[in-house]
Structures are given as structure tokens and as C-alpha cells.
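Observations on chain architecture
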Amino acid sequence: MVLSDTRHRTRHLFVAVMVGHILLISTQVNSRSGVPLLQAVLVTGLAETQRAAWAVVGGVRSVWDNYVALRQVHADNQRLQRELDAVRVQLQRERAAAGTSDQFRQLLDLRARLSWKTTGAEVIAGSVTPQFQSIMIDKGADDGVRRDMAVIAPAGVVGRVVVASRRASSVQLIVDRAASASALVERLRVQGIVLGHGDGTLRLEYLPVIANVQAGDLVVTAGLDGVYPKGLVLGHVDRIERGSGSSRVVIIKPAIAFGNLESVLIVLNAASGPPQAEDQVPK
Amino acid sequence: MTALRVVAAIVVALILQSVVARLVGNGQVPVDLVLVSVVSTALLYGRVAGLLGGSLAGLAQDALSGGVLGIGGLANSVVGFFTGMIGTQFIVTQAVPRFLLYTGATAVHAGIYIGLSVLLGLRRFDRAFVEVTIQALANGVVGVLVFEIIDALPGTRQRWRARRERRRKIRFH
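Just so you know, these numbers come straight off a predicted model, no measurement behind them.

Rules used in this analysis
Residues numbered from 1 in each chain as written. Chains lettered and ligands numbered in written order. Predicted model: local features only at pLDDT ≥ 70, side-chain atom pairs only at ≥ 80, totals over all residues. Heavy atoms only, no water. Helix = DSSP H or I, 4+ residues; strand = E, 2+ residues; numbered from the N terminus. Buried < 20%, exposed > 50% of the residue type's maximum accessible area, 1.4 Å probe, protein only. Polar contact = N/O pair within 3.5 Å; in protein donor to acceptor, adjacent residues only side chain to side chain. Contact = heavy atoms within 4.5 Å. Buried area = accessible area lost by both parts, 1.4 Å probe. Salt bridge = Lys/Arg side-chain N within 4 Å of Asp/Glu carboxyl O. Patch = residues over 30% accessible without salt bridge, like charges linked within 9 Å, V, L, I, M, F, W, Y side chains within 5 Å. Areas by Shrake-Rupley, 256 points an atom, 1.4 Å probe, with all protein chains shown as cover. Pairing = 2+ DSSP bridges. Phe/Tyr/Trp six-rings, centres within 6.5 Å; stacked < 30°, edge-to-face > 60°. Core = buried A, V, L, I, M, F, W, Y, C linked by side-chain atoms within 4.5 Å. Expected span 1.5 Å × (residues − 1). pLDDT = per-residue confidence, 0-100.

Another aspect to go through is the side chain of Thr221 of chain A. Residue and element names in this part refer to chain A. Residue position: Thr221 is located in strand S9 (residues 218-221). Its relative accessible area of 1% is what places Thr221 among the buried residues. Of the polar contacts made by the side chain of Thr221, one reaches the backbone oxygen of Pro229; its length is 2.6 Å. Setting aside its immediate chain neighbours within four residues, Thr221 contacts Val157, Ser182, Ala183, Tyr228, Pro229, Lys230, Gly231, Leu232 and Leu234.

Structure (C-alpha cells):
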């Protein structure tokens with residue numbers, strides 16, 4: 001009798017939980033305007049814990065890197081010194097070139113188009129589920145970060161903000177299965193749509209049939225999706241495979257090495273054109 | 001106390017998963033430590049703990065990933081509930097049955113998750129079979145290792161025996 005009651009109660013609980021989840025999914029699929037309260041609370045709470053956990057891991061890694069893994073440091077120092085000297089010479093040349101290009105920029109009145117405002121952020125955690133490819137950054141709504149803001153790195157596009165809590169945000173990586181961006185093959189100036197594939201690569205789709213895309217072609221954002229400004233590097237064409245029928249599958253290698261990503265820039269006010277010179281850099 | 005342990009296990013798994021993903025990079029970690037924790041708690045504490053723990057873990061994953069809240073919750077709840085049920089009906093103390101349970105749970109979880117995502121038009125899952133197979137095997141190995149560690153803790157075997165006796169008494173009551 002007691003066992004029967006327990007079983008019934010458990011079944012009722014199971015049904016209640018299932019119905020709860022289904023209702024929860026339904027409300028979001030019908031309207032996904034703002035961030036749900038539960039999501040905001042969970043993100044804030046867990047982001048703080050993740051921040052603390054990453055601080056501990058970072059500390060351990062720092063001890064390892066600074067004390068344990070110091071091998072061949074002298075040789076490395078000498079090699080790096082030589083590289084630094086070479087870079088300094090290169091920098092002198094670049095400065096001279098930059099001065100010239102600055103004059104041209106002023107002449108062409110391009111300054112009016114330099115309208116991006118960005119803020120720097122540090123990556124504090126990775127994805128909590130293998131189904132999603134995302135990162136957690138240490139800037140949130142308090143810093144002016146909002147949903148659907150583009151997140152970039154010096155090498156190119158990182159992704160977009162999907163959840164912005166007060167002090168942290170979740171960023172969907174461009175390689176995630178649900179990620180997409182309007183794109184442009186720079187050499188041909190033909191447009192398509194880049195889609196994340198979940199395996200660390202991107203797919204370029206909806207290209208004109210006559211477009212002669214080749215391996216090595218640079219693919220940049222087209223600026224038509226309302227998220228990513230025009231001209232950001234998405235990656236290079238890695239290879240072209242045959243799809244079903246006469247279609248082609250253009251596979252792109254992303255410009256970003258997501259594994260080494262430590263700090264990113266969030267584009268706060270996206271508009272067409274290249275970024276401002278005085279971007280804030282992460283501390 | 002059980003609730004506290006379940007919540008602690010899930011929070012630890014969430015943190016470990018995010019740290020591992022951060023270290024590995026690309027977010028392409030084949031193992032789902034949160035799912036492993038749900039299955040483990042369901043085996044240790046029964047179907048109600050599995051159901052509620054799975055629900056909590058899935059919701060947390062959905063919220064932190066920016067996905068639709070409830071899909072991961074539903075998948076994890078189902079897995080937690082039925083794993084807990086299997087854990088109470090059968091003796092799952094050997095490495096092979098445990099491995100099979102973890103791999104099976106991963107397959108069911110993936111089936112629900114991918115099915116719902118595709119049904120609602122949220123995500124594309126090309127070549128999902130390979131990924132799910134790798135994840136199921138990885139979860140199986142990690143799950144068995146987790147239980148090896150739990151078994152090695154002092155007093156665990158006595159607790160297992162006591163719990164089994166208790167369940168047997170309830171069954172024949």
C-alpha cells in the first residue's frame with residue numbers, strides 16, 4: 001500500500017515536471033523578446049561561481065606556467081629578443097606607412113564612418129554543454145552589453161551575445177550550430193550566408209551558382225544581418241565539397257582560434273565601417 | 001541532505017564542464033559531465049532525485065548556453081527519472097552494466113534533445129550520429145570512473161549494502 005502510494009506520487013511528480021518543461025519551452029518558442037527572469041538569475045549566479053572557479057584554475061595555471069614549466073627559458077629569451085628586434089624595425093616601417101594612410105583617410109573623409117564603439121571583456125568560462133558552443137565573458141548589462149551585440153577579436157568574428165546578465169554575458173560562438181552571419185567573398189564580392197556547423201568549421205551557403213569560389217578566398221561579414229558590422233573577417237575557404245545534386249558545400253576555416261581566446265571586444269554600437277582607434281582594451 | 005548533495009554534484013559538474021571546455025577550446029568537449037552527474041545521482045539516490053536533479057541541471061545548462069529553457073531540462077529529467085528507476089529495479093554495481101547505462105542514457109538524452117531541437121526548428125544536427133556515439137562512449141568511461149572513485153571512498157560499500165537491504169524490505173513489505 002505504502003509502496004503503491006509512493007509510486008503514484010513519483011509518477012505524478014514526473015508528469016508535473018514534464019508538463020512544466022513543455023510549458024516553459026512553449027512560452028519561449030512563441031515569444032522570445034527579452035531574457036526570461038529565471039535565465040537571468042541562473043546566469044548571474046552561475047557566472048559568479050564560474051568566475052571564481054576560473055580564478056582558481058588561472059592561479060594554478062599561473063603557478064605552473066611561472067614556476068614549474070620554466071624550461072629553456074634562457075634560450076627562449078634570446079630567441080624572443082631577436083624576434084623583438086625584428087618586430088621593432090617592422091614597427092618603424094608600419095608607423096611610416098600608417099602616417100601616410102592616415103593622411104589619405106583624412107583626405108577621403110572616412111573618419112565619419114569610424115563609428116564603432118567597443119568594450120573589452122575577458123573570457124571566464126567555456127560552454128556548460130557539448131550541444132552548444134559558447135563562452136562566458138565578464139561584461140554584462142551594467143557595462144552596456146545587450147543581446148545580439150557582435151563579439152570580435154583582432155583576428156575576426158567571435159560570435160554574438162545571447163544572454164546578458166548584470167555582470168556577465170553568454171556569447172554564442174560563430175561555429176555553433178545555431179549561429180549564422182551574412183557574408184561576402186572578398187575577392188568576388190558575392191554574398192552568401194555563413195552557418196556554424198558544430199565541428200569547429202563554418203559552411204558558406206546560398207552563393208550564386210556561377211560564383212567561382214576557390215580555396216584560400218577570404219570571407220568577411222556583409223553587414224546585412226543586423227548583428228555583425230560589415231568587413232569583419234569570418235575565415236578563409238578551406239575546401240569545396242560536392243553537395244547533393246549540383247550544389248556545392250563551401251567549408252570555411254574560422255579566423256579565430258577559439259581555444260586560445262582570452263579576451264574579446266564587444267561592439268556596442270555597430271554601424272558600417274572599420275572600428276575606432278581608441279577602443280577600450282581589457283584590463 | 002540528499003537534495004543538498006544532488007545540487008552540489010550538479011554545480012560542481014557545471015563548473016568542471018565550463019572549465020574543461022575553456023581549457024580544451026572550441027567548445028568541442030566530447031564528454032557531458034553534467035549528464036554524468038545526473039545519471040550518477042539518479043543511481044545513488046533514486047528516481048525522484050534523478051528527475052529533479054536532471055530538471056535543475058538541464059535548466060541551468062539551457063540558461064547558461066542561451067538556448068530555449070526547458071529542452072535540456074526535459075531531456076535530463078527523463079534520463080534522470082528512468083536511470084533512477086533502473087537503479088532501483090536492478091543491481092548496477094559492475095563496471096560493464098554501469099558503462100552501458102551511461103552510454104544508453106547519453107543516447108536517450110541526445111535523442112530527446114536533438115529531436116526537440118529539430119522539431120522546433122532551432123538547430124541543425126548534421127553528422128549527429130558520430131558525435132553522439134563519441135559522447136556516449138566518453139560519458140560511459142567517465143561515469144564508470146566516477147563510480148570507481150565513489151566506491152573507493154570509506155564506508156561506501158556498507159552504505160550500498162544498507163540501501164539495498166532497505167529497498168528489499170520495502171519491496172517485500
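Still to come is the rest of the account.
Moving on to the interface of chain B and chain A. If you look at the interface, chain B gives 55 residues, while chain A gives 57 residues. Here chain B and chain A share an interface that buries about 5,100 Å² over both sides, 64% of which is from carbon and sulfur atoms. The three residues of chain B that bury the most area against chain A are Arg22, Leu64 and Arg123 of chain B, which together make up 16% of that side's buried surface. If you look at where chain B meets chain A, you find one salt bridge. With a closest N to O distance of 2.7 Å, Glu131 of chain B and Arg177 of chain A form a salt bridge. At the junction of chain B and chain A, the tally comes to seven residue pairs in polar contact (both at pLDDT 80 or more). Sorting the residues of the side of chain B that touches chain A by element identifies helix H1 (2-24), helix H3 (47-65), helix H4 (71-89), helix H5 (95-119), helix H6 (128-152) and helix H7 (156-171) of chain B as the ones contributing at least two each. The element contributing the most residues to the side of chain B that touches chain A is H3 of chain B, with twelve residues.

Taken together, Val15, Val19 and Leu23 of chain A make up a surface patch of nonpolar side chains, about 260 Å² in accessible area. Along the chain, the position of Leu23 of chain A falls in helix H1 (residues 2-30).

Turning our attention to the pairing of strand S1 (residues 118-125) of chain A. Residue and element names in this part refer to chain A. Burial analysis of S1 places seven of its eight residues in the buried class, the great majority of the element. Where S1 and strand S12 (residues 263-267) come together, five bridges link them in antiparallel fashion. Each residue of the ladder has a partner; that of Glu122, found in S12, is Ser263. With two bridges connecting them, S1 and strand S2 (residues 134-137) associate as antiparallel partners. Across the sheet, the residue bridging to Val123 is Ile137, located in S2.

A few words on the packing of aromatic side chains. By the definition in use, this model includes four aromatic pairs over all chains. Seen in terms of ring centroids, Phe14 of chain A and Phe82 of chain B are 5.6 Å apart; in terms of plane orientation they differ by 75°. Their pairing is edge-to-face. Residue Phe14 of chain A is located in helix H1, and its partner Phe82 of chain B is located in helix H4; the two belong to separate chains. Here the aromatic cluster, defined as three or more aromatic residues joined through ring pairs, consists of Phe14 of chain A together with Phe81 and Phe82 of chain B.

The subject of this paragraph is the pattern of salt bridges. Note that side chains of opposite charge can pair when their charged atoms are close. All names here are of chain A. Scanning the entire structure with this criterion turns up 13 salt bridges over all chains. Among the ionic pairs, Arg160 bridges to Asp148, the shortest N-O distance being 2.2 Å. Note that Arg160 is positioned in strand S4 (residues 156-164) and Asp148 in the loop between S2 and strand S3 (150-153), a separation of twelve residues in sequence. Between Glu241 and Arg239 there is a salt bridge, with its nearest N and O atoms 2.9 Å apart. Exposure remark for Glu241: the relative accessible area of 31% places this residue in the partly exposed category. With relative accessibility at 37%, the residue Arg239 sits in the partly exposed group. Where salt bridges share partners, they join Glu48, Arg51 and Arg167 into one cluster.

On to the nonpolar core. If you look at the biggest cluster of nonpolar residues, it comprises 45 residues, and the most contacted ones within it are Val158, Ile174, Leu204 and Ile266 of chain A. Leave out the neighbours within four places in its chain, and Val158 of chain A touches Ile135, Val151, Ile152, Ala153, Gln172, Leu173, Ile174, Ile256, Phe258, Leu261 and Val264 of chain A. Among the nonpolar cores identified, the runner-up in size contains 24 residues, and Met136 and Val162 of chain A together with Leu59 and Leu69 of chain B belong to it.

This part is about H3 of chain B. All names here are of chain B. Look at H3: 26 Å from first C-alpha to last across 19 residues, which is about the 27 Å you get at 1.5 Å a residue. Burial analysis of H3 places 16 of its 19 residues in the buried class, which makes it a mostly covered element. Gly66 lies just past H3 and shows a positive phi near 80°.

Now for the environment of Arg79 of chain A. Residues and elements named next belong to chain A. Structurally, the position occupied by Arg79 is in helix H3 (residues 73-107). Classification of Arg79 as partly exposed rests on a relative accessible area of 37%. As for Arg79 and Arg9, which are separated by 70 residues in sequence, their C-alpha atoms are 70 Å apart.

Here chain A shows a mean pLDDT of 78. Residues at 70 or above account for 77%. pLDDT under 50 marks residues 272-283 of chain A. Its contacts with residues more than four places away, or in other chains, come to 26 contacts.

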